[in-house]
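Chains, contacts and geometry: an overview
For reference, the chains in residue letters:
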Amino acid sequence: MNKVVIYTDGACKGNPGPGGWGALLQSEDGSEKELCGGEPGTTNNRMEMLAVIEALSALKRPCHVTLHVDSQYVLKGITEWLPGWKAKGWRTAAKQPVKNVDLWQRLDALVAGGGHSIDWRWVRGHNGDPGNERADGLANRGVDLGRF
């Protein structure tokens, strides 16, 4: 399988407000792909999730993925909370509906059915990591695309 490094980020001007997502995909042969998009009325958490969804959706075949996120919400959701939510019928421990369930279900399907081997990594946002800074720039570009 090909190796791909992905950096994702989300941005929102107001929460809720116009938002954007960005993803940087880097393959082992040195090629890169930048993705971004936006929505007019959304939240930061939704944009963080959509960045990961769009990045994984862009992969044409199963890959070894090192996926960097600066969102604890996304990281803990996918690596810790998701099995419990599913077992409880998409309810939290407090028996409340899971927020952003539509995106969690899309992400779950991509992770389970994409054939990828994913190494989830957290990176501190706005701390000088070149990949994260580029994803942040793409997410902010996405905010402008979402203002319509």
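These numbers were taken from a predicted model, which means no experiment stands behind them.

**Things to note about helix 4 (residues 130–146)**
Taking 1.5 Å per residue as the helical rise, helix 4 with its 17 residues ought to reach 24 Å, and the 24 Å between its terminal C-alpha atoms agrees with that figure. Gly-131, Asn-132, Ala-135, Asp-136, Leu-138, Ala-139, Gly-142, Val-143 and Gly-146 are the residues of helix 4 that are buried. Down the axis, helix 4 shows its buried residues gathered within 165 degrees of arc, on one side only. Residues Pro-130 and Asp-144 are exposed on helix 4 and point more than 90 degrees away from its buried face.

**Here's the deal with the pattern of salt bridges**
In this structure the tally under the stated criterion is five salt bridges. Between Glu-34 and Arg-134 there is a salt bridge; the shortest N-O distance is 2.9 Å. With Glu-34 in strand 3 (residues 32–42) and Arg-134 in helix 4, this residue pair connects regions lying 100 residues apart in the sequence. A relative accessible area of 40% places Glu-34 in the partly exposed class. Between Asp-108 and Lys-86 there is a salt bridge, and its shortest N-O distance comes to 2.9 Å.

**A look at the environment of Val-143**
Structurally, Val-143 can be placed in helix 4. Every residue in contact with Val-143, bar those within four places of it in the chain, is listed here: Ala-11, Lys-13, Pro-18, Gly-19 and Gly-20.

Thresholds, definitions, all that
- Residues numbered from 1 in each chain as written.
- Predicted model: local features only at pLDDT ≥ 70, side-chain atom pairs only at ≥ 80, totals over all residues.
- Heavy atoms only, no water.
- Helix = DSSP H or I, 4+ residues; strand = E, 2+ residues; numbered from the N terminus.
- Expected span 1.5 Å × (residues − 1).
- Buried < 20%, exposed > 50% of the residue type's maximum accessible area, 1.4 Å probe, protein only.
- Arc of directions from axis to C-beta.
- Salt bridge = Lys/Arg side-chain N within 4 Å of Asp/Glu carboxyl O.
- Contact = heavy atoms within 4.5 Å.

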